[in-house]
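As a plain string of letters, each chain reads:
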Amino acid sequence: MSLATDHSALRQRLLALLIAETQQVRDFVAVLEQERKILGERDVEPLFALSEHKNRYARLLQQSADARTSLLGQAALKHDKSGVESLLGDPANPVWNNYLKAVAEARALNQANGALLTERLAHNHQALAILMAHSDQPTVYGPDGAARTRPGSRLLGSY
């Protein structure tokens, strides 16, 4: 098999990988959109179940990236944008451009969700600080260094 034939076969495999990975990224975007919706709601309990889906897609995307790295290595190319474009032979390849658009959307949505989550955590921390400041229980620290309410305090209704 000649080098041109090898590159042609590798190019076809790369295109197939990019098509599959683009679909995985789109599925990941759908999960990120669900996450964004939940972050805007009062009840965030569904985030726990959704995080399993998000982690599964993250693992799948990592496996796809590993496969792409291996394929580019077989072609003796770097695993970067220039390596992909070199093997494709056309930087304007529609499969590649669809992949880049999907990845850009996923990245932007993931960053926006991270900012929403950080904001929500800041509000929760602020609310807890206000509640603790207004409680009549002095804060002390236990032997493990964790903050605790007054030692020996009991729950209401306990004897």
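Please refer to the structure higher up on the page.
Note that the structure is a prediction, hence the values are computed from the model and not measured.

Thresholds applied
- Residues numbered from 1 in each chain as written.
- Predicted model: local features only at pLDDT ≥ 70, side-chain atom pairs only at ≥ 80, totals over all residues.
- Heavy atoms only, no water.
- Helix = DSSP H or I, 4+ residues; strand = E, 2+ residues; numbered from the N terminus.
- Buried < 20%, exposed > 50% of the residue type's maximum accessible area, 1.4 Å probe, protein only.
- Areas by Shrake-Rupley, 256 points an atom, 1.4 Å probe, with all protein chains shown as cover.
- Axes fitted to C-alpha atoms, helices over the stretch in contact; angles between N-to-C directions.
- Parallel < 35°, antiparallel > 145°, perpendicular 65-115°, else oblique.
- Left-handed = near helix turned anticlockwise from the far one by under 90°.
- Contact = heavy atoms within 4.5 Å.
- Nonpolar A, V, L, I, M, F, W, Y, C, P; charged D, E, K, R; others polar.
- Phe/Tyr/Trp six-rings, centres within 6.5 Å; stacked < 30°, edge-to-face > 60°.
- Lys NZ or Arg CZ within 6 Å of the ring centre and 35° of its normal.
- Salt bridge = Lys/Arg side-chain N within 4 Å of Asp/Glu carboxyl O.
- Core = buried A, V, L, I, M, F, W, Y, C linked by side-chain atoms within 4.5 Å.
- Expected span 1.5 Å × (residues − 1).

Scanning the chain from N- to C-terminus turns up 4 helices and 2 strands. Reading the chain from its N end, one meets helices and strands in the order α-α-α-α-β-β. When burial is assessed residue by residue, the chain has 25% of its 159 residues classed as buried. Accessible area of the chain: about 11,000 Å², with a carbon and sulfur share of 57%.

The geometry of helix 2 (residues 46-74) relative to helix 3 (residues 81-88) is characterised by a closest axis approach of 11 Å and an angle of 60° between their N-to-C directions. When the interaxial angle is binned, helix 2 and helix 3 end up oblique. Like other packed secondary-structure pairs, helix 2 and helix 3 cross with a definite hand, here left-handed. Taking contact as the criterion, the partners of Arg-68, Leu-71 and Leu-72 in helix 2 are, on helix 3, Gly-83, Val-84 and Leu-87. A class-by-class count of the residues in the contact of helix 2 with helix 3 yields 4 nonpolar, 1 polar and 1 charged.

Per the stated rule, a full pass over the model turns up 1 aromatic pair. Relative to Tyr-99, the ring of Trp-96 has its centre 5.6 Å away and its plane inclined at 15°; by these criteria the two rings are stacked. With Trp-96 and Tyr-99 both in helix 4 (residues 94-134), this residue pair falls 3 residues apart, about one helical turn. Arg-56 extends its terminal NZ or CZ atom over the ring of Tyr-57, reaching a point 4.9 Å from the ring centre.

Our next topic: the pattern of salt bridges. Counted by the stated rule, this structure contains 3 salt bridges. Residues Glu-35 and Lys-54 are paired through a salt bridge, measuring 3.1 Å at the closest nitrogen-oxygen approach. Here Glu-35 is found in helix 1 (residues 3-39), whereas its partner Lys-54 is found in helix 2, with 19 residues between them in sequence. By relative accessible area, which is 12% here, Glu-35 ends up buried.

One finds Leu-14, Leu-18, Val-25, Val-84, Leu-87 and Leu-88 to be the most contacted residues of the largest nonpolar core, which totals 27 residues. Put simply, the parts of the chain that give this core at least two residues each are helix 1, helix 2, helix 3 and helix 4. No other element matches the 11 residues that helix 1 contributes to this core. Once residues within four sequence positions are removed from consideration, Val-25 is found in contact with Leu-61, Tyr-99, Ala-102, Val-103 and Ala-106.

With that settled, consider helix 2. The end-to-end C-alpha distance of helix 2, which contains 29 residues, comes to 43 Å, matching closely the 42 Å that a straight helix rising 1.5 Å per residue would cover. Every buried residue belonging to helix 2 is among Leu-47, Leu-50, Tyr-57, Leu-61, Ser-64, Ala-65, Arg-68, Leu-71 and Leu-72, and all of these are buried. The positive-phi residue at the C-terminal boundary of helix 2 is Ala-76, with phi of around 60°.

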